[in-house]
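Now for the letters of each chain:
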Amino acid sequence: MSLVEVADLNVRFAAGRVHAVRDASLRLEPGRCLALVGESGSGKSALARSLLGLAGPTATVTAGELRVAGQDARDFGPREWRRVRGRHIGLVSQDALVALDPLRPIGAEITESLLAHRTVPRSGARERVVGLLTRVGVPDPEERARQYVHQLSGGLRQRALIASAIAAGPGILIADEPTTALDAAVQARVLALLDELKQQGTGLLLISHDLAVVEALADEVAVMRHGVIVETGPAGRVLDDPRHAYTKELLAAVPGGRPRASRGRPPEGEPLLDVTGVVKRFAGRTAVAGVDFTLRPGETLGLVGESGSGKTTLARVVLGMARPDEGSVLLGGEPWSGVPERARRARRHTIQLVPQDPLSAVDPRWPVSRIVGEALAATGVPRAERAARTEVLLERVGLTADLLDRRPAALSGGQRQRVAIARALAPEPRLLVCDEPVSALDVSVQAQVLDLLRRLQEELGLATLFISHDLAVVREVCDRVMVMKDGVVVESGPVEDVFAGPVHPYTKSLLDAVPRRARTAREPAQERL
Amino acid sequence: MRGVLTRLVSAALVVWAAATCAFLVLQLIPGDPVYAVVGSDALVSEEQHERIRAEYGLDQPLVVQYLNYVARLATFRFGDSYQLQQPVATVLADQLWPTVQLALAATVLAPLLAVGVTVATSGRRNWPRRLSAAVELVVVSTPSFWLGIMLLTIFSFRLGWLPVSETGGVASLVLPTITLALPIAAVLTQVMREGLLAALDQPFAVTARARGVPETAVRYRHALRHSALPALTMAGWFTGTLLGGAVIVENVFARPGIGRITLQAVGDRDLPVVQGVVALSAVVFVAVSVLVDVLYAVVDPRLRRKTGVQAI
């Protein structure tokens, strides 16, 4: 019996002007996982939320059929919806740090789910909370229940959120990008937990833009684009033998599924960046514990590791934003770390940063022309030439001049990242530090931005320090890779060698955590090399 | 322990700065303080004049007067009032209780009103919010003396429900409290509603709704607490309004209290009293900011020492 049956569901926003979901049909069964795949804005979240009656106060939901737990939900009032939410359908959102109330202990959040449907008496709630936390694999459940979200690691937070979603025993769980904010290894463990729940009979509606995640869990896949489900079918069939052009496009964009950049000539010449024995401590904690590496012009070095491994601190040292406690950094053969800012300022333009989230890395009130213009002004380009130079830079990153007057909020994620890259290129750097440059982007946009970065490296001979937790992305763009754990480089070498034959157990575990598709796609690519 | 010490030092600095400002400003008021002592109509001979000046240290150079003043302040001797011929400490202590009563009542009423109105008007429908926003704007822009007079006209003179002036009973506290609390409540409501609506848009509110929690409970249990954080930052302004409002309200309703004494003292150039009031207000401000810091930690676990976010 289907737990949820939907036929011809339409969701409209803003008095019908925005048609977010068109004629969608789906059914959710116990113990099965349906994945809704699509990029941001495709309507997948709106569709999922409307199954909970939570599409929002401005949404109008109509349907040919909308059956939840055996009842017709089309004319549900608030009271009927409340009985369904949590009890029959649970919701696990993206990023538990904001999806759980930061001001309440996680135990209180889980208790709320229990008491909302009076599934347990108040006196038994505490015990049930401990039981639930144990079930989702949270160690020391009694103690954790009293802690707040910000005190838990990313993986534990997501587990706590899952515990609060399954507390009242719903038959269906909607998991909306449940692992997007997580590192590869943690992601794998959370996916395993969801899989376990599925084996125990919970029906899953998985929403994701990450096809690798989908493959790990889904029995069936529905691909959404512009509010329409364009293709649906068993997971194996859709992913291996896509029929719709858009599905093919999505699959082709998955990093790791694409050919690696082959440069032919190994980078030569004097190292541009020479890092020796760098140590950085913060209040008793050693973030970077002795790292050495060099980077030559035209070379791309991938820096891989989980959050807290010291990647970002190392990048800050390279950028000259943090002073190393020990060791030295040479830039172009001259001292870079430990010299007074006055002596560095003239050379600052040689290193530029491409940030993770361009929206927070640019002034939201400035138009594109001013964002790029400021970087030009900082390197002494006269005012009269700035407009022309800005247009050249935009063209270089694949943007047109009609975006000059737009503000960041009016740009798409990909356009924003291109603007951030144009800004980084403005001072004519020789070294780019890219800190997770594509992790905030949709797959197809991700692929475009990676292509752009690759092209720029070749055209301009830029050296790149590429920081990422996504191994597939690193494999696609980097020449060499460096794996960091607890502030130490545990493994480094040419990308092909490290990926084909990882030596350090940590590297192995990172590679094992990469979902299957990205891994299997590696073989044919290697043959091409 | 070091935190407490830092607190005390900074508190002393605040009081000193406030006292210095008060000292300087009072020098700018024209007129001879001797007449504040003897009364403006009194005829004083040159000799008496000099004697009074010497007695109160007014013949000394300004710098010496200032240093004496700071020294007295540091040893908690505020001197005698020129007008009332009583120690300032006694004057303030006598007048403190009525003002504290009024301020406490307003401190309880204003947040209660703000919370009630915020929760009631942040619902799905728009019109209660618009109506309340309009009322808030009117209340905020109304001078409190006029508000007080209107309340008196309606409830005391017209309807005769409440006494016109201080009788010592609780009934005489009602109108002054409302006059003092309404403008504060209006501003707090604006801030809290903003915070509440922002919190209701947060992902954790969606999660709570997805658990089957009723909308009202989402508001009370989750969003309200989040909206308290921006409201708490208003505490300094809140204290200032209470003290300033007390001056007006006590005069309109003819209540005894610090506010009334202050107005009188400023008018009569009764420097010791004014300086005492300034020092007292500075201490109140410092105490309130300590209290607010504690409240922040109560509301937000991320700011607590035990559960706080460790600074990296």
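Nothing here was measured: the structure is a model prediction, and the numbers come from that model. (Residues numbered from 1 in each chain as written. Chains lettered and ligands numbered in written order. Predicted model: local features only at pLDDT ≥ 70, side-chain atom pairs only at ≥ 80, totals over all residues.)

This brings us to the overall build of chain B. A count of helices and strands for chain B gives 13 helices and zero strands. Taken over the C-alpha atoms alone, chain B extends approximately 85 × 60 × 30 Å along its principal axes. Relative to its 312 residues, chain B shows a buried fraction of 35%. (Helix = DSSP H or I, 4+ residues; strand = E, 2+ residues; numbered from the N terminus. Buried ≥ 20, exposed ≤ 12 C-beta atoms within 10 Å, placed from the backbone.)

Turning next to the overall build of chain A. Helix and strand content of chain A: 23 helices and 21 strands. The C-alpha atoms of chain A give a radius of gyration of 25 Å, which matches the 24 Å a tight globule of 529 residues would have. With respect to the principal axes defined by its C-alpha atoms, chain A has extents near 70 × 50 × 45 Å. For chain A, buried positions account for 50% of its 529 residues. Sequence separation of 24 or more characterises 68% of the internal contacts of chain A that already satisfy a separation of 6 or more. (Rg over C-alpha atoms; globule rule 2.2 N^0.38 Å. Contact = placed C-beta atoms within 7 Å.)

This part takes up the sheet that holds strand β9 (residues 203-208) of chain A. All names here are of chain A. The strand order across the open sheet built from six strands is β7-β8-β9-β3-β10-β11, with neighbouring strands paired in mixed fashion. Only two strands of the sheet have a single neighbouring strand rather than two, namely β7 (89-92) and β11 (228-234). Sheet twist, expressed as the mean angle between neighbouring strand axes with direction ignored, is 15°. With five bridges joining them, strand β3 (residues 33-37) and β9 adopt parallel strand pairing. Looking at the pairing, L36 lines up with I207 of β9. Sheet contacts for helix α11 (residues 245-253): β3, β10 (220-225) and β11; angle to β10, the most-contacted strand, approximately 100°. (Pairing = 2+ DSSP bridges. Axes fitted to C-alpha atoms, helices over the stretch in contact; angles between N-to-C directions.)

What follows deals with the confidence of the model for chain B. Model confidence for chain B is summarised by a mean pLDDT of 82, while 92% of its residues fall at 70 or above. Reported for the predicted complex are a pTM of 0.76 and an ipTM of 0.75. (pLDDT = per-residue confidence, 0-100.)

All right, on to the domain arrangement of chain B then. Residues and elements named next belong to chain B. Assigned domains within chain B: domain 1 (2-74) and domain 2 (88-303). Listed by partner, the interface residues are 15 residues for domain 1 and 13 residues for domain 2. Of all the elements, helix α1 (residues 2-28) adds the most residues to the side of domain 1 that touches domain 2, at nine residues. Split into classes, the residues belonging to the side of domain 1 that touches domain 2 amount to 13 nonpolar, one polar and one charged. (Domains from an automatic or database assignment. Nonpolar A, V, L, I, M, F, W, Y, C, P; charged D, E, K, R; others polar.)

Right, let's get into the pairing of strand β5 (residues 65-68) of chain A. Put simply, side chains in a regular strand alternate between the two faces of the sheet. Residues and elements named next belong to chain A. Because side chains alternate across β5, one face comprises the buried residues L66 and V68, and the other comprises E65 and R67, none of which is buried. Of the strand pairs in this sheet, strand β1 (residues 4-13) and β5 are connected by four bridges, and their pairing is antiparallel. Bridge pairing links A7 to E65 in β5. Summarising the sheet, β5 and strand β6 (residues 71-72) pair through two bridges and their orientation is antiparallel. Among the inter-strand pairings, V68 is bridged to a residue of β6, identified as Q71. The antiparallel pairing of β5 with β6 creates a hairpin that spans two residues between the two strands, and A69 there sits at a positive phi of about 50°.

Across the contact, 23 residues belong to chain B and 26 residues belong to chain A. Among the secondary structure elements, those contributing two or more residues to the side of chain B that touches chain A are α9 (203-210) and α10 (215-232) of chain B. Ranked by the residues each element gives to the side of chain B that touches chain A, the list is headed by α9(B), at seven residues.

This part covers the packing of helix α5 (residues 88-121) of chain B against helix α6 (residues 127-141) of chain B. Residues and elements named next belong to chain B. Their axes nearest at 8 Å, the elements α5 and α6 cross at an angle of 145°. When α5 is examined against α6, the residues V117, A120 and T121 are found in contact with a partner set consisting of P128, R129 and S132. Partitioned by chemical class, the residues of the contact of α5 with α6 number three nonpolar, two polar and one charged.

Residue and element names in this part refer to chain B. Its 18 residues give α10 an end-to-end C-alpha distance of 24 Å, which sits within 8% of 26 Å, the value for a rise of 1.5 Å per residue. The largest bend along α10 measures about 45° and falls at A223. Within α10 the residues assigned to the buried category are V218, R219, H222, A223, H226, S227, A228 and A231. Each element contacted by the buried residues of α10 is listed here: α5, α8 (171-200), α9 and α13 (271-299). (Expected span 1.5 Å × (residues − 1). Bend = angle between axes of the 7 residues up to and from the residue.)

In this section: the pairing of β7(A). Residue and element names in this part refer to chain A. By the alternation rule, side chains of β7 split into I89 and L91 and G90 and V92, which are all buried. Direction of pairing for β7 relative to strand β8 (residues 172-176): parallel, over a ladder of four bridges. Residue pairing across strands places V92 opposite A175, the latter belonging to β8.

Now for the nonpolar core. Where a protein is soluble and globular, its nonpolar side chains tend to be buried together. Membership of the largest hydrophobic core comes to 221 residues, with the highest contact counts inside it found for A:A35, A:I174, A:L205, A:L206 and A:L217. Considering every element that reaches this core, the biggest residue donor is α8(B), with 14 residues. Here A:L217 is in contact with A:C33, A:A35, A:L191, A:L194, A:D195, A:L204 and A:L206, once residues within four sequence places are set aside. (Core = buried A, V, L, I, M, F, W, Y, C linked by C-beta atoms within 7 Å.)

Our focus in this paragraph is unusual backbone geometry. Residues and elements named next belong to chain A. With a phi angle near 50°, D8 is a residue other than glycine that sits in the positive phi range. Tracing the chain through its elements places D8 in strand β1. Even without being glycine, A69 reaches a positive phi, approximately 50°. You can see A69 is positioned in the loop between β5 and β6. The class for A69 is partly exposed, based on 15 C-beta atoms found within 10 Å.

Right, let's talk about the packing of helix α15 (residues 368-378) of chain A against helix α16 (residues 383-396) of chain A for a bit. All names here are of chain A. Two elements in contact, α15 and α16, have axes whose closest approach is 9 Å; the angle formed by their N-to-C orientations is 110°. Accordingly, the angle class assigned to the pair α15 and α16 is roughly perpendicular. In the packing of α15 onto α16, the handedness of the crossing is right-handed. When α15 is examined against α16, the residues S369, V372, G373, L376 and A377 are found in contact with a partner set consisting of R386, R389, T390 and L393. Per-class residue counts for the contact of α15 with α16 are four nonpolar, three polar and two charged. (Parallel < 35°, antiparallel > 145°, perpendicular 65-115°, else oblique. Left-handed = near helix turned anticlockwise from the far one by under 90°.)

Attention now moves to the sheet that holds strand β13 (residues 285-295) of chain A. All names here are of chain A. Pairing in this open sheet of four strands is antiparallel, and the strands run β13-β12-β15-β16 from one edge to the other. Edge positions in the sheet fall to β13 and β16 (334-335), since each of these pairs with one other strand and no more. As defined by bridge partners, strand β15 (residues 326-331) adjoins β16 across two bridges and the pair is classed as antiparallel. Across the sheet, residue L330 finds its bridge partner in β16, namely P335.

All names here are of chain A. Structurally, G305 can be placed in the loop between β14 (300-304) and α12 (311-319). Taking the C-alpha atoms as reference, G305 lies 24 Å from L330; in sequence the two are 25 residues apart. Not counting the four nearest positions on each side in its chain, G305 is found in contact with K311, V483, M484 and K485.

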